[in-house]
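# Chains, contacts and geometry: an overview
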Amino acid sequence: MDLALVNARGLVLLGCGKMGSAMLAGWLARGVDPASVWVLDPHPSDWLTATGVHINAGVPDAPAVVILAVKPQMMDAALPVLVPLGNGSVVFVSIAAGTPIAKFAALLGAQTPIIRAMPNTPAAVGRGITALIGNDHVSPDAMTLAEDLLSAVGQTLRLQDESQMDAVTALSGSGPAYVFHLIEAMADAGIQQGLSPEMALHLARATVAGAGHLAENTTEDPSQLRVNVTSPGGTTAAALSVLMDADTGFPALLSRAITAAADRSRELAK
Ligand SMILES: NC(=O)C1=CN([C@@H]2O[C@H](COP(=O)(O)OP(=O)(O)OC[C@H]3O[C@@H](n4cnc5c(N)ncnc54)[C@H](OP(=O)(O)O)[C@@H]3O)[C@@H](O)[C@H]2O)C=CC1
Ligand SMILES: O=C(O)[C@@H]1CCC=N1
C-alpha cells in the first residue's frame, strides 16, 4: 500500500459506522498513521476516539484520498462540507450502495476523480471483497491507491462497467447477511431436531465457516465439493432433494433475494 502518500497528504473518512470503522481498523493495522487520518462523524464511538485520529476537525486542503462511507440517504446532507476538495487532485472513493458516480460528479464538480466501490463486512476481519470502478478522471496511480487501501481489508476486483455495481452490491455487498441468516436458519433447524441452542449454533457456525474456508482453499469447484458430501441414498441426498427443488429450493429463493437487492440498488440511484 502506498502509505507514504496517505501518510504525507492525509486520508479523510466521511462516516465511521460499521463499514467505515471496519476499513479504518484495517488501515491503521497496516501502518496508516492516525495523525494522517481525519474522520467526520456526528457521534464518534469510544473505539474511534481511542485510535488517535483527528475527529470532526478541519480537514487538510489536499488529502490523498477521501472515503465516503455515510448512508446513501445521508449523502446530500453530508457531502457539501467536502465540495472544496472537488475538481482537483483529491481522489474520492464512495462505498455508498446505489449511488452513481454521476451523482458525486454533480455534487463535487465534473472534473473530480471519483471511484465507486462496494466492500462487505468481512472486511472487519481482513476477509472482505471490494469491487471498484472509477471515472475518466481517475489516474492509474489513483486507482492503485484505492485498491491498495481496500486490499488492506481483503480482496479487490475491478469492474469493467458501473452498471455491474447493482449486481455486485446484491451478491457480495449484501451477501454476508444471507450467509449469517443461513447460520441462524441451520441452528434453528438443529434446535427443532432436539439440539440445545448453544450446540446448534456452535455446529452451524463452524460448519458454514469450515465449508467457506474449504470452498476458497481448494481447486475443486463448489458443485464437486457438494458431491463429495453426498453419499448415494444417504442423508445429504435427502436434504438436497429439498434444497435443489426447482420451484422452492435455494436457487429460486436466492435468485428472488438477489433480484430484490439489485432492484433496490437501482432504486437508490434515482
Ligand atoms: N454495512 C454494510 O455491509 C455495507 C455498507 N455499505 C455502504 O456503506 C455506507 C455506510 O454503511 P454502514 O457503515 O453500514 O452505515 P452506518 O450507519 O453504520 O455508518 C454511517 C455513519 O455515518 C455517520 N453519519 C451520518 N451523517 C453524517 C454526516 N453528515 N457526516 C458524517 N458522518 C455521518 C453515521 O452517524 P450516526 O449513526 O450517528 O448517524 C454513522 O456513523 C452506506 O452507504 C452503505 O450503503 C457498503 C457495503 C457494505
Ligand atoms: O444494505 C445495504 O444497503 C448495504 C449495502 C450493501 C450492504 N449493506
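Note that the structure is predicted; figures quoted are calculated from it, not measured.

The next subject is the confidence of the model for the chain. With 99% of its residues at a pLDDT of 70 or more, the chain shows a mean pLDDT of 96. Taken together, the chains of this predicted complex give a pTM of 0.96 and an interface ipTM of 0.98.

A few words now on unusual backbone geometry. With the exception of glycine, the majority of residues adopt a negative phi angle, and the majority of peptide bonds are in the trans configuration. Within the chain, Asn56 stands out as a residue other than glycine whose phi angle is a positive 50°. Structurally, the position occupied by Asn56 is in the loop between strand E3 (54-55) and strand E4 (65-68). Even without being glycine, Asn87 reaches a positive phi, approximately 65°. Residue placement: Asn87 occurs in the loop between helix H4 (75-78) and strand E5 (91-94). Since 15 C-beta atoms lie within 10 Å of it, Asn87 is described here as partly exposed.

Another point: the sheet that holds E5. The strand order across the open sheet built from eight strands is E3-E2-E1-E4-E5-E6-E7-E8, with neighbouring strands paired in mixed fashion. This sheet does not close on itself; its edge strands, each paired only once, are E3 and strand E8 (154-158). This element, helix H6 (residues 140-151), spans E4, E5, strand E6 (114-118), strand E7 (128-134) and E8 of the sheet and lies at about 165° to E7.

Per the UniProt entry, the sites bearing "binding site: NADP(+)" (unreviewed entry) are Leu14, Gly15, Cys16, Gly17, Lys18, Met19, Ala69, Val70, Lys71 and Pro72 in this numbering. For the residues just named, distributed over 59 residues, the greatest C-alpha separation is only 14.1 Å, placing them together at one site. Position of Leu14 relative to the elements: it lies in strand E1 (residues 11-14). Excluding residues within four positions of it along the chain, Leu14 makes contact with Leu40, Val66, Ile67, Leu68, Ala69, Val70, Ala78 and Leu82. As for its placement among the helices and strands, Ala69 is situated in the loop between E4 and H4. Filtering out sequence-adjacent residues up to four positions away, Ala69 remains in contact with Leu13, Leu14, Gly15, Gly17, Met19, Gly20 and Ile95.

Cut-off values and rules
- Residues numbered from 1 in each chain as written.
- Chains lettered and ligands numbered in written order.
- Predicted model: local features only at pLDDT ≥ 70, side-chain atom pairs only at ≥ 80, totals over all residues.
- pLDDT = per-residue confidence, 0-100.
- Helix = DSSP H or I, 4+ residues; strand = E, 2+ residues; numbered from the N terminus.
- Buried ≥ 20, exposed ≤ 12 C-beta atoms within 10 Å, placed from the backbone.
- Pairing = 2+ DSSP bridges.
- Contact = placed C-beta atoms within 7 Å.
- Axes fitted to C-alpha atoms, helices over the stretch in contact; angles between N-to-C directions.
- UniProt positions renumbered as here; feature names shortened; annotations may be inferred.

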